[in-house]
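Observations on the three-dimensional arrangement
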Amino acid sequence: MRKKPLALTLGMSLVLSVGVAGNGPALAAGRGLAAGEIGLGEDRFQPSTTYDLSVTGDERDAIHAEVEALAGRVNSARVGDGTYDPLSLIGAMLDGSSYDSISRGGTAATSYPFPVSNTAANQNEYDRKVAKLAWVVKLAKDLGFPVVVQRQPDKYVYVEIGDPDAPEMVMALSHLDSPTASVSPAQLARWRDADGNFGTPGAYHSPYVKDGWIYGAGLQDDSGPTLATLLAAKALLEAGLPLDRRIRIVMGIYEDGGPGTPSAANTATFQSIPYNSNPSFYDNWAYKNLNREDMPIAGYTSDSRFPVIVGNSGSVTPSVSMDLSADSTKPFRLTDAKAGVTLREGDPTLKDIAYGSTTQIASRAIFTLDVAGAGSTERDRFVSAITAAATTKGWLPAAPGTTPKVQTTITGDSLTLEINTDVAMEMPTPQYGKNAVVWGMFLLSQGLGALGGTAADLQLKTAADGIADLFFRDGVEGEAYIGKYMGIPANLLRNPSNGTPNLTFALMGGINSETPTSFYTASSGSLSIPMYVRSMHVTAADSSEATQAVTAAFEAKGFSIGSLGAPVGAGLYVTHDNPLTALQFGSYQASINCNTEEFADPYALRDVVYPQGTTGGTLASSFRNKMTAFGAVIPGNERWWHTANERMNVDSAVQMTKIMADGMLEMARYSGPAGAKFMWADIPGLNSDRADLDLLDATIGTYKDASAAVDKSQLGNQALLGATSFNIPMWNGRGNSTPTASAYELGHAPGGVYLPLTDPEYLSSTYVAPMRLEFKVDRPEHMSDAAWAKFVAGGYGDFQFNILVGDKVVPLAVPAGQSADKYFSSRTSATNPDAIYLSVNLAITDAAYTGVKPVIADSKTDLYTVNPDYLASNSDPFPERGAVEQRGFFLFGDGQKNAEFSSPDAVYVTVANAVVDAKPSAVMKKLKGNDNELTVTVTQTHVDGSESAQTATFTINNNAAGTYTVGDYKVYVDTKGNTQVRSIHIV
């Protein structure tokens, strides 16, 4: 286990560094620039909000080894054939996808337990979902999870690992269902069974493994990734590594549709929830409203992309056009241009990716030129130039048994240039490259440039040069697709806090058919390429400045472009400066860097991969500023969703699980010295209804290190073990929405995200936040096993809690006759013997500070509350929940009424600065005659690592060996002769 100096223990691991530019990436020896990489001499953009990771390389190796042990890789398998381990990652994915969990709709009842309807129209939704959830419960128990919870048979299941007494919890919340889009009549006709037959009844839930891919409905969205989170938690359970927070894996089953969410009024007939509002997703309603489960301090859903999705993007879809009619009589004029999904030899189902959602960038492009009037020499020169350029880029020659990335054919007077990039890419991530239209324009620019003469005057040459310069400058894609070469000011390319691209440009996006789509009209000579622009800009002013530059850039190249407007991000799951984003981004980078060969594809794209926005919604949208989307698609992978023959690469499934496990462990560790559990308490005259984590803007970076605020003079003979300060605003409502950046900026003002200071209840109430504030104290590196054991047992004195208000130290003292156990607690963790957790109960009010008052109050940590009217005629389905017990709290105001709960200058914990180690030393000096001078020193090490000494000097005649009293110590000195100390020890 790691041991730390005490001073380092108290320092925050959260680092906020503004405006620091990193060095450019070092290239591996002998490796050229991959698509999207930044060239030598360029500094990689560094987000200003960073995170100091706690998971070590050795721990990461241990986690990955556990994932490999659980992977259950197989080369070929069919569900239920007995050839795979059902308790492995691949086995669970196969078995899980064998359940028909397509969300076909229906309604939920209006009273408890709000069962989902079971009708012919929804193909017995209730029965199907109950069956899969029952399987999940059994799987989790068979895997050995210590906590497996299901409240209702047709709703979510969760597992949990970690110390049940840990005050904070981090969560992965994903879904086990799939959409009807993948099982429409047209899609069902495309599904292949394990034998390659089309349209076999039930093929979509008869999964199999073939050629390194696992096939089945939900394999990528989102049953497969959800089960990967479960196996990631299992890997952490097996690894037994230290964690401070609990880890909860919640598996819902209605994200892609299902019953209508019961109204807030209907919910209230069973569950009483202050300030209730409904989440948009049924799974979130069931978790948050129906069952009032514990809220996470941070979380993610595995339902989008790595490295991390921070919110929803705005969008605009202009076309980029040029009139090529002036080329109508010239050789090498364009007669046809179309684009579609790449071809890949031996992969007949690849085309089905186009039928999911309209998210494909052109990965195949076909350009047809009329070469009448061009002699064989010109034709050969054109083809040779294209071949040479493609060879230089590594696109040629084609490996045996693969589809060539570049092909040129001449039939009569018609020349065809076809590009197949080999990987189908989705348009929300164009920066990862492989756009066939851009590749084709680059090659046309090279081929026409080699001709010279009249070819230089072709409008097609102008168009090809323009696209190549805007999107393929120096032969590199990547950053070009966020507008690097469009004249956008550098400070507007990315969000400075987290690196999110403000704009992304997907030229020729929206491919949604296996039949190539035309983007050239021969009769009019019109080249018109749709461009899907996604925006995460914070302000319309910044967006307008950037889009004006984009328009000017295209017009300077001779194109016309549709209106871009000034789109901004549609909504944020988390603020751009939330440290959770930096944590997950940093964890992702560390995961792919730990074994660059294993993660070769994402590693090759590392220089263009940053947090970003997405389209559509995810379960993260109902956990305001506490949850992102983290996974499942790894940069560079194909995204299969809502389509026939949905699949995931087996290697990617294992990689994804490792990345998730790394991120979970990182989230489960304190970023600062403290964490807190909010609770309800009945304190007369105070309103604790807003002391609910769903109503508070608390994040993993909330509890900041305040050790510097505690002066040594204020400690006396005490050692400082931990100090924190915090500020926690109240939301204007429950966290069931994704506010815009401008709403965050408004704060408490009208339209802002926080509780308005004009709110009538705010004005008439004094809010209180009862909490159990917990300090983590790591074992100091100077403390021996015996000394640490004594420290944990309280052998060096009682731990003391204080608050610092200005320069005044206020001890948090239990009144005479009351039990300290009601106010204070401590815990040790089974996974971390080198840490102790010390807690104090506080009740902080949104009011003036008038001193500290100890109070005893009825309190509960589980906020589950059944409506009394329901209980009048029904039994409580969960009588063990919502238990009330008496707790002691130290009650004080935070200084001002501002709809925020703030700490004093510091809340801190100390212990007597006792001696924890003593080491003797001695020096002998020869005096006159037979006399010698013996000086014995005992150096004492204290709890805080400081040293003090006790010294005594003795005059000895002849032999100095013997026992001496030095202050509080008896020291035995052994000598050799009369002047040399041979050994010394404390008796």
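Residues numbered from 1 in each chain as written. Predicted model: local features only at pLDDT ≥ 70, side-chain atom pairs only at ≥ 80, totals over all residues. Heavy atoms only, no water.

A short note on the sheet that holds strand E7 (residues 208–210)
One open sheet holds the 4 strands; their spatial order is E3-E7-E8-E28, and the pairing between them is antiparallel. Strand pairing shows two members of the sheet lacking a second neighbour, strand E3 (77–78) and strand E28 (647–649), which therefore form its edges. Both E7 and strand E8 (residues 213–215) contribute to a ladder of 3 bridges, which runs antiparallel. Looking at the pairing, Lys 210 lines up with Trp 213 of E8. (Pairing = 2+ DSSP bridges. Helix = DSSP H or I, 4+ residues; strand = E, 2+ residues; numbered from the N terminus.)

Details of the pairing of strand E45 (residues 947–957)
Inspection of the sheet shows strand E44 (residues 931–942) paired to E45 by 11 bridges, in the antiparallel sense. Paired with Thr 941 across the strands is Glu 947, a residue of E45. Counting the residues in the hairpin turn of E44 and E45 gives 4 residues, including Gly 945, whose phi is positive at 90 degrees.

Topic: the pattern of salt bridges
Applying the stated criterion to the full structure yields 51 salt bridges. The residue Arg 333 makes a salt bridge to Asp 370 at a minimum N-O spacing of 2.9 Å. Residue Arg 333 is found in strand E15 (residues 333–340), and its partner Asp 370 is found in strand E16 (residues 364–370); the two are separated by 37 residues along the sequence. What makes Arg 333 partly exposed here is its relative accessible area of 24%. Linking Arg 734 and Asp 692 is a salt bridge whose minimum nitrogen-to-oxygen distance equals 2.9 Å. (Salt bridge = Lys/Arg side-chain N within 4 Å of Asp/Glu carboxyl O. Buried < 20%, exposed > 50% of the residue type's maximum accessible area, 1.4 Å probe, protein only.)

Notes on the sheet that holds E44
Backbone-to-backbone hydrogen bonds join strands into a sheet, with any given pair of strands oriented parallel or antiparallel. An order of E43-E44-E45 is seen for the 3 strands of this open sheet, with the pairing classed as antiparallel. In this open sheet, the two strands that pair with only one neighbour each are strand E43 (915–926) and E45. The mean inter-strand angle of the sheet, taken between neighbouring strand axes irrespective of direction, is 15 degrees. (Axes fitted to C-alpha atoms, helices over the stretch in contact; angles between N-to-C directions.)

Looking at the packing of helix H6 (residues 223–239) against helix H15 (residues 650–667)
The interhelical angle for the contact between H6 and H15, taken along N-to-C directions, is 60 degrees, at an axis separation of 8 Å. When the interaxial angle is binned, H6 and H15 end up oblique. Note that H6 runs across H15; the crossing there is right-handed. Facing H6, whose interface residues are Pro 225, Ala 228, Thr 229, Leu 231, Ala 232, Ala 233 and Leu 236, H15 presents Met 656, Thr 657, Met 660, Ala 661, Met 664 and Leu 665. A class-by-class count of the residues in the contact of H6 with H15 yields 11 nonpolar, 2 polar and no charged. (Parallel < 35°, antiparallel > 145°, perpendicular 65-115°, else oblique. Left-handed = near helix turned anticlockwise from the far one by under 90°. Contact = heavy atoms within 4.5 Å. Nonpolar A, V, L, I, M, F, W, Y, C, P; charged D, E, K, R; others polar.)

Structural notes on the environment of Asn 802
Position of Asn 802 among the secondary structure elements: in strand E35 (residues 800–805). Along the sequence, Asn 802 and Asn 122 sit 680 residues apart, while their C-alpha atoms lie 60 Å from each other. The contact partners of Asn 802, leaving out residues within four places of it in the chain, are Val 809, Val 810, Pro 811, Leu 812, Ala 906, Val 907, Tyr 908 and Thr 910.

Notes on the packing of aromatic side chains
All told, the structure shown has 37 aromatic pairs when counted by the stated rule. Pairing Tyr 254 with Tyr 282 gives two aromatic rings, centres 4.9 Å apart and planes at 80 degrees, and the pair type is edge-to-face. Here Tyr 254 is found in the loop between strand E9 (246–252) and helix H7 (264–268), whereas its partner Tyr 282 is found in helix H8 (residues 282–290), with 28 residues between them in sequence. The residues Tyr 254 and Tyr 282 share a single accessibility class, namely buried. (Phe/Tyr/Trp six-rings, centres within 6.5 Å; stacked < 30°, edge-to-face > 60°.)

Section: the packing of helix H13 (residues 579–594) against H15
For any two helices packed against each other, one specifies the crossing angle of their axes together with the interaxial distance. For the pair H13 and H15, the least separation of the axes is 9 Å and the interaxial angle reads 135 degrees. Classified by the angle between their axes, H13 and H15 sit oblique to one another. Here H13 and H15 pass one another in a crossing that is right-handed. Contacts between H13 and H15 involve Leu 580, Leu 583, Gln 584, Ser 587, Tyr 588 and Ser 591 from the former and Ile 659, Asp 662, Gly 663, Glu 666 and Met 667 from the latter. Partitioning the contact of H13 with H15 into residue classes produces 5 nonpolar, 4 polar and 2 charged.

Let's talk about the nonpolar core
In this structure, Leu 773, Phe 791 and Leu 842 are the most contacted members of the largest nonpolar core, which totals 156 residues. A total of 10 residues in this core trace back to one element, the largest contributor, which is H15. Core analysis: the next-biggest nonpolar cluster, separate from the first, contains 79 residues, Ala 374, Val 406, Leu 417 and Phe 442 among them. (Core = buried A, V, L, I, M, F, W, Y, C linked by side-chain atoms within 4.5 Å.)

Description of unusual backbone geometry
Following Asp 221, the chain continues into Asp 222 via a peptide bond in cis, with omega recorded as 0 degrees. Relative to the helices and strands, Asp 222 resides in the loop between E8 and H6. Omega for the bond connecting Leu 396 with Pro 397 falls within 30 degrees of zero, at 0 degrees, which places this linkage in the cis form. Inspection of the secondary structure puts Pro 397 in the loop between helix H9 (376–392) and strand E17 (406–411). Although it is not a glycine, Asn 124 sits at a positive phi angle of roughly 60 degrees. With respect to the helices, strands and loops of the structure, Asn 124 is situated in the loop between helix H3 (89–97) and helix H4 (125–142). The backbone of Asp 422 sits at a positive phi, close to 85 degrees, despite the residue not being glycine. As for its placement among the helices and strands, Asp 422 is situated in the loop between strand E18 (414–420) and helix H10 (436–451). Residue Asp 422 is classed as partly exposed on the basis of its relative accessible area, which comes to 28%.

Some remarks on the side chain of Arg 151
Here Arg 151 lies in the loop between strand E4 (147–149) and strand E5 (157–161). According to the relative accessible area criterion, Arg 151 is buried, its value standing at 17%. Here Glu 293 takes part through its side chain, which lies 2.8 Å from a polar atom of the side chain of Arg 151. Not counting residues within four places of it along the chain, the set of residues in contact with Arg 151 comprises Tyr 156, Tyr 158, Asn 291, Glu 293, Phe 878 and Arg 881. (Polar contact = N/O pair within 3.5 Å; in protein donor to acceptor, adjacent residues only side chain to side chain.)

Considering H6
The α-helix winds at 3.6 residues per turn, so residues separated by three or four positions along the chain end up facing the same way. The end-to-end C-alpha separation of H6 is 24 Å, in line with the 24 Å expected for 17 residues at 1.5 Å each. Gly 240, located one to two residues past H6, shows a positive phi value of around 65 degrees. (Expected span 1.5 Å × (residues − 1).)

Details of the environment of Asn 874
Locating Asn 874 in the fold gives a position in the loop between helix H20 (868–871) and strand E40 (885–893). Polar contacts involving the side chain of Asn 874 include one to the main-chain carbonyl oxygen of Tyr 870, which spans 3.0 Å. Only 3.2 Å separates the side chain of Asn 874 from the side chain of Ser 873, close enough to count as a polar contact.

Describing the confidence of the model for the chain
In this model, the chain carries an average pLDDT of 93, and 96% of its residues clear a pLDDT of 70 or more. Here residues 1–41 scores under 50 on pLDDT; set against residues more than four positions off or in separate chains, the count is 100 contacts. (pLDDT = per-residue confidence, 0-100.)

Notes on H4
With 18 residues, H4 should cover 26 Å at 1.5 Å per step; its first-to-last C-alpha distance of 26 Å lies within 8% of that length. Within the sequence span of H4, burial applies to Glu 125, Arg 128, Lys 129, Lys 132, Leu 133, Trp 135, Val 136, Val 137, Leu 139 and Ala 140. Where H4 is buried, its residues meet H3, E4, E5, H6 and E9. Positioned one or two residues after H4, Gly 144 has a phi angle of 90 degrees, which is positive.

Brief notes about the pairing of E18
Counted residue by residue, E18 has 5 buried out of 7 residues, so it is predominantly covered. Judged from the 7 bridges that link them, E16 and E18 form a sheet pairing that is antiparallel. Within E18, the residue paired with Thr 368 across the bridge is Thr 416. Two elements, E17 and E18, share 6 bridges in a ladder whose sense is antiparallel. In the strand pairing of E18, Ile 410 is matched with Leu 415. Two successive antiparallel strands, E17 and E18, enclose a turn made up of 2 residues, where Gly 412 displays a positive phi of approximately 65 degrees.

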